[in-house]
Amino acid sequence: MIKTVTSSNRIDSTQTSYKTYCVAVVAKAAYSRMALYWLELPVDGQMHLNQISAALTDVLCDPLQEELWISSPDERTIWAHKWRDEGFRYWAEKQFAPGVTDNLAHTVAEALSLLDFPANFKVASGTGYLFKSSEHENKEAVSEFGRYKFYHPIVEKWCVHDLESCHSNEFLTFPEVALPEAPPVTTISLELTDQALLALSRDRLLALTLEEMHAVRDYFRNSDVQAERSRLGLDKDPTDVELEVIAQTWSEHCKHKIFNATIDYNDGMGAEQQIKSLYKTFIQAPTKELSKTRKDLLSVFKDNSGVVKWNENSAVCFKVETHNSPSALEPYGGALTGILGVNRDILGTGLGAKPIFNTDVFCFAYPSGALPDRPKLLPAGTILSGVRKGVEDGGNKSGIPTVNGGIFFDPAYRAKPLVFCGTGGILPLSVHGKIAYDKHTETGDIIVMAGGRVGKDGVHGATFSSESLHEGSPVSAVQIGDPFTQKRLLDFVIEARDSNLITGITDNGAGGLSSSIGEMAQITNGATLVLDDVPTKYPGLADWEIVVSESQERMTLSTRDIDAVSQLAAKHNVEVTAVGNFESHGYFKIVRNKKVVCLLGLEFLHDGCPNLHLQATWSGPAKVSGVCGEQPKELSALLLKLLAHPNISSREEVIRQYDHEVQAASVIKPLMGEFQNAPCDAAVLIPIYGDKKGLVVSNGLAPRLSRFDTYLMACCAVDEAVRNAVCVGADPKSLSLLDNFCWPDPVASARNTDGAHKLAQLVRSCMGLKDAVMAFEAPLISGKDSMKNDFDDGVIRLSIPPTLLISAIGTVADVETCVSMEFKQAGDLIYLIKAGSVGFAGSHYEELVDIASDLVPSVDLQKAAALYGALHKAIVAGIVQSAHDVSDGGLAVAIAESLIASQLGADIDSVALVNSHQNAYVDEKRAETLKNRLDLLLFGEGPANIVVSVKAASRSAWESAMPSDSFTLLGTVTKEPVFKVGTASDLVLKVDVESLAKAWQTSLPFA
C-alpha cells in the first residue's frame, strides 16, 4: 500500500519569452563536420543580430580558418539548400539530452556573460555532420552509422535530415528540461509477502536481499521507533525517502557486505575454516600488526583516503576507485566522473588535501572480439575510446598530472570494463592548531553543500553498481562531470581550509547527500537536512532523488561561519548553500517544508544491516591440458610478435594525450630516456617544491593467473607493485599499498551457480594478499572492492576474471639517485636478479603460440623482500645504471624495451641464461621442461625477476651487494644496435633494434 504525503509545489512559475538562434562554426576549407550551438535570449533583453554575431565570433571562432553562421530555426532551411547545392544529401545533428551536463555550453555561457549579454540567456552545444548520397543509402543508414561512432543514445539526441525534403520544424531546438510538478513523498507499506518484498526491492532498484528487507520491516515495527515517528507526524510505514537512504547506505558499493560477511571456507581437501570478515582478517589485521613499527601511518581505512606522514609538517594521501558499471553504460561520462570522483576523495580527506597526481589502469576486451549484440552491451571499441577520453578530460582540465597507469586487454572484460582511477594528495599535519588529517565537526555546525547542483544524473548510482549490468540498468545512473567547476571547487576548499573555515569535509560521491551527511552525522550523532534549501539543476525532482543523487562536483562540509564561507566561495565562483545542521539527537533527519520526511536512527542506518553468511568452496584451478608444445624454431619472429601484442606494445600514443607535467613536480615520468620513449616502471614526483625527497607511485596487476590460483595472483600483484617501485629507487621499507578488488558475483544463485567457487577465489586472494603484505612489510592504507562485475540479461551471462589491482606509494630520500629502465652505455654488464620462477601458464607467449600450459610461475616472498632491499641499497650507492622489471612478455621483452629506449644492443649468453634458472626449477617437471626450452626462459612470465645493468668497473661492488644465489651475469650492452641471444657459434635469437622498435610501436586498438 502506497500513500502520498503533501509537499510544497516547486514549479518555477517565472514565465520568460525567449528567441532562439542556431549557430554553426564552420571551417572555411571543408565543413562536413561543424560545431553547433543553440542560443536562447530573453525577448525583453533582445540584442541586435549583428551584436550577437560579433560576440559569438569573438568567443567561438578563429577568423583565419572559420566563419560563423547564425539563424533562427525557421531560417535554417537556407543552410539545407546551400549544402544540397554543394553535393551533400544528409544532415545529422546531435546535442545532449535534456538534463545531461553540457560542459562546453557552460564555458561558452561564462565567456558570453563577460560581454554584457542579457541576464538569463541560455546556451546548448552540439555537432553537425554532412554526408553525401554516395556514402549512405538513406537516413536510416546514416543513423546506424553514427550510433556509438558519433553519438551515444543514452546521453545524446541524434537527428538525421534528408536535404532534399527537410523542413524547418524538423531541426533540433534548444534542449529544454521538462518542468513537471515534483512528485509528493509517498509512504510504502512493508507488510508484504516475501515475494512482494523482493519485487519492491527490484522495482525500486533498492538492491536489498530478502533478509535485509525483513530487517528494514522489523525496524519500522519497533514500538519505540513508531512512537518517535508519531510524535513528529510521520506514518508508521517508511517514506520513499527513508527506503532510498537505507538502500544507498546498505548497498554493496557502500557497505562492502561481502568483505564483511561470515564465510564458511572449504579448501577442497577436507579442511574447513570460518572467516568472520575478510576485511578484518586479511586486510585490517596485517596493517594493524605492521603499524607497531610503521609510525608513519596516520589515518588508514577510516577516511576518504589513506594518509601517511611525509615530513614534520606534511602528509601524503592516496586513494584508488573504480567506475566500472557507469563506464559500461556510457564510457566517457563514467570514466570522467570516475577520475573526478577520486579527486574529490582526496579533497575530502581530513580537512581537505590538495590533489597532486592521478593514476589510471584500464582493463578492456579486445575491440575485435565478437559477441552477441545485446542491449546494454556497448561495442568494445566504443568503450575503449570513451574511457580514455573521459579520464583525459577529467585529469587534464583539473590541472592534475597523470603520472602512472596501465592498459590491459583480455576477452573476459567484455562483460564490464574495469576503470581504476587513483589520486594522491598532500596536506598539512595541522591547520590553526587542529590535526588536519582528522575531522572536527561539532554539534551545531552548519551543513554546507558546495559546488554543482543536484539533478537526476547519478540517481541510483550506488545501488546500480551493486548488481549485475542488465536490461533494466538505469540511464539515470550515468553522469557527465564538469572538471572546470571542480577545479574552482578545489581551489575554494584549500583556501577555506587554510582560512580555518572548515571543521569537516567529505565527498558527495556514491549516494550524494545521503552518503556524505549520513556518514558525517556519526561524528556528532545526528544531522538534519533541509531539502527546501538544496539547490537543484531544475525543478521537478522527487525528494528521494535530491537526497541520493550523485550529481558531480559537490562536497559536503561543516562550518561555524557561513558568511565567511559564502564570501570566499563568491571569490572562486563556487556556489555554496547551507542545507542543515549537525546535531546530537541520534538521527539522520530530513525535512521538507518544515515536515519530517525521513527519520532514521544512525545506529540502525549504519549498523543494522544483517551480516551475510556465505559458503565458499575451492574446487581447484581451471583444468588445462598441460601441453607445452615444441619450442618454435624462429624465436626472433616470436619476439617481434610479442612486442606488437596490445598488452605489451608502446602506450606512447595514449600517454601523450595525458598531461604529466602540470604542477611541474615529476622526476621519473611515464616516458624517459634520451629519446623520450622508455616505458618506466613507476613514477617519481616531488610533492614539496625545492625538496629532494621523492614520492614513488607504482601498481601491480596479474589477472591472467586467476584461472590457476588467485592466491598466486594476489602475491604476484603485490610483488609487481613493490618491484616496480624499487626499480626506480624507492625504499621498500617505506612502501604503503592500496588494494582494489574487482570480482565476478561471488554469491551463489540460480543464475550464478559457481558463486561458491568465485567466493573461494576471493578468500584465497585475500590470503595471498595478507602473506605478501607481511613479507614485504608494506601495510595496506586504503582500498575498495567492486563485487558485481557481471553482465546478465537473462539470455547470456558474462563475468570478468577475478582481478586485484595493487597500487603503491613510497619514498626516495634523494631523487638524484633515481634510476630509469633504459641501458645507459655500451660495455655495461647485464644481470638478471630473481627470487621467483617463470612459467608458460597465463603468459602472453602461451596465448601467441596457442598452447594450454599448467606450468605456473612461483615466488619466494621472503627472498624477494631481501632481494629488493639489497637492490635499493645498491641503487642508493650509485652502483646501478638501470633496472627494469620482467613483466608481460618475459625476459626477452624486458631487454628489448631497454634497448629500444637506448638504441644500443645486447649480447646475451644462452648458457648463462639456462644456469640462471636451475636453482628455481626444483621439481622434475620444471627440470624436464628447462632442458631445451630457451623459449621458456626468454618468454615465460613470473614474479620477482628484474634486469639490471651496471658498469663493468662496478662488477665486484655489485656482486658483493647482492645475495649470492639471486643474480646471474647474462651478457653485455653493445654499441651495435642488435639484440643477440646464444653462443659464439649458435645464435638462437638475433634482431636489430630498429625492428624491435617498429614492432613495439604498433598502435593500440583505440589510440
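Here's a quick rundown of the structure. (Residues numbered from 1 in each chain as written. Predicted model: local features only at pLDDT ≥ 70, side-chain atom pairs only at ≥ 80, totals over all residues. Heavy atoms only, no water.)

**Regarding the sheet that holds strand S26 (residues 613-617)**
Point 1. Pairing is mixed across the open sheet formed by 3 strands, whose spatial order is S10-S9-S26. Edge positions in the sheet fall to strand S10 (272-276) and S26, since each of these pairs with one other strand and no more. Strand-to-strand twist of the sheet, defined as the mean angle between neighbouring strand axes without regard to direction, takes the value 20 degrees.
Point 2. Pairing between strand S9 (residues 262-266) and S10: 5 bridges, direction antiparallel. By the bridge assignment for S10, tyrosine 265 is matched with glutamine 273. (Pairing = 2+ DSSP bridges. Helix = DSSP H or I, 4+ residues; strand = E, 2+ residues; numbered from the N terminus. Axes fitted to C-alpha atoms, helices over the stretch in contact; angles between N-to-C directions.)

**Some remarks on the packing of aromatic side chains**
Point 1. This model, assessed by the stated rule, comprises 27 aromatic pairs.
Point 2. Judged by centre distance (5.5 Å) and plane angle (20 degrees), the ring pair of tyrosine 845 and phenylalanine 939 falls under stacked. Of this pair, tyrosine 845 sits in helix H24 (residues 844-849) while phenylalanine 939 sits in helix H29 (residues 934-939), and the two are 94 residues apart along the sequence. The burial state of tyrosine 845 is the same as that of phenylalanine 939; both residues are buried.
Point 3. Through pairs of rings, three or more aromatic residues link up here, namely Tyr129, Phe131, Phe145, Phe150, Tyr151 and Trp158. (Phe/Tyr/Trp six-rings, centres within 6.5 Å; stacked < 30°, edge-to-face > 60°. Buried < 20%, exposed > 50% of the residue type's maximum accessible area, 1.4 Å probe, protein only.)

**Describing the nonpolar core**
Point 1. Core analysis: the largest hydrophobic core is formed by 88 residues, its most contacted members being Phe741, Leu871 and Trp958.
Point 2. If one sorts the elements of this core by residue count, helix H22 (residues 710-727) sits on top with 12 residues.
Point 3. Tryptophan 958 has contacts with Tyr831, Ile833, Leu871, Ala874, Ile879, Val880, Val948 and Val950, leaving out every residue within four places of it along the chain.
Point 4. If you look at the next biggest cluster of nonpolar residues, it comprises 49 residues, including Leu243, Val245, Met520 and Val547. (Core = buried A, V, L, I, M, F, W, Y, C linked by side-chain atoms within 4.5 Å. Contact = heavy atoms within 4.5 Å.)

**Examining unusual backbone geometry**
The general pattern is negative phi for most residues beyond glycine and trans for most peptide bonds.
Point 1. Even without being a glycine, glutamine 663 presents a positive backbone phi close to 75 degrees.
Point 2. Among the structural elements, glutamine 663 can be located in the loop between helix H21 (652-655) and strand S27 (666-668).
Point 3. Its identity is not glycine, yet alanine 944 carries a phi of approximately 55 degrees, on the positive side.
Point 4. Within the fold, alanine 944 resides in the loop between H29 and strand S42 (945-950).

**What to know about helix H1 (residues 49-60)**
Point 1. End to end, H1 covers 16 Å across 12 residues, agreeing with the expected 16 Å (1.5 Å per residue, within 8%).
Point 2. Within the sequence span of H1, burial applies to Ile52, Ser53, Ala55, Leu56 and Leu60. Each buried residue of H1 lies within a common arc of 165 degrees when the element is viewed along its axis, so the set occupies one face. H1 presents Asn50 and Asp58 as exposed residues on the side facing more than 90 degrees away from its buried surface.
Point 3. At its buried positions, H1 is contacted by strand S2 (18-27), strand S3 (33-42), strand S4 (66-71) and helix H3 (103-113). (Expected span 1.5 Å × (residues − 1). Arc of directions from axis to C-beta.)

**Quick look at the sheet that holds strand S14 (residues 354-364)**
Point 1. Spatially, S11-S12-S13-S16-S14-S15 is the arrangement adopted by the 6 strands of the open sheet, whose pairing is mixed. Edge positions in the open sheet fall to strand S11 (297-299) and strand S15 (402-409), since each of these has one partner strand only. The sheet shows a mean angle of 20 degrees between the axes of neighbouring strands, direction not considered.
Point 2. In this structure, S14 lies alongside strand S16 (residues 418-428), joined through 9 bridges in antiparallel fashion. Residue pairing for S16: proline 355 is matched across the bridge by glycine 425.
Point 3. Docked against the sheet, helix H13 (residues 380-396) engages S14, S15 and S16, running at close to 175 degrees with respect to S14.

**Focus on the environment of alanine 984**
Point 1. In this fold, alanine 984 is placed in the loop between strand S44 (978-983) and strand S45 (986-992).
Point 2. For alanine 984, a relative accessible area of 94% gives the class exposed.
Point 3. The spatial distance from the C-alpha of alanine 984 to the C-alpha of glycine 452 is 69 Å, given a sequence separation of 532 residues.

These results come straight from atomic positions and should not be treated as a statement about function.
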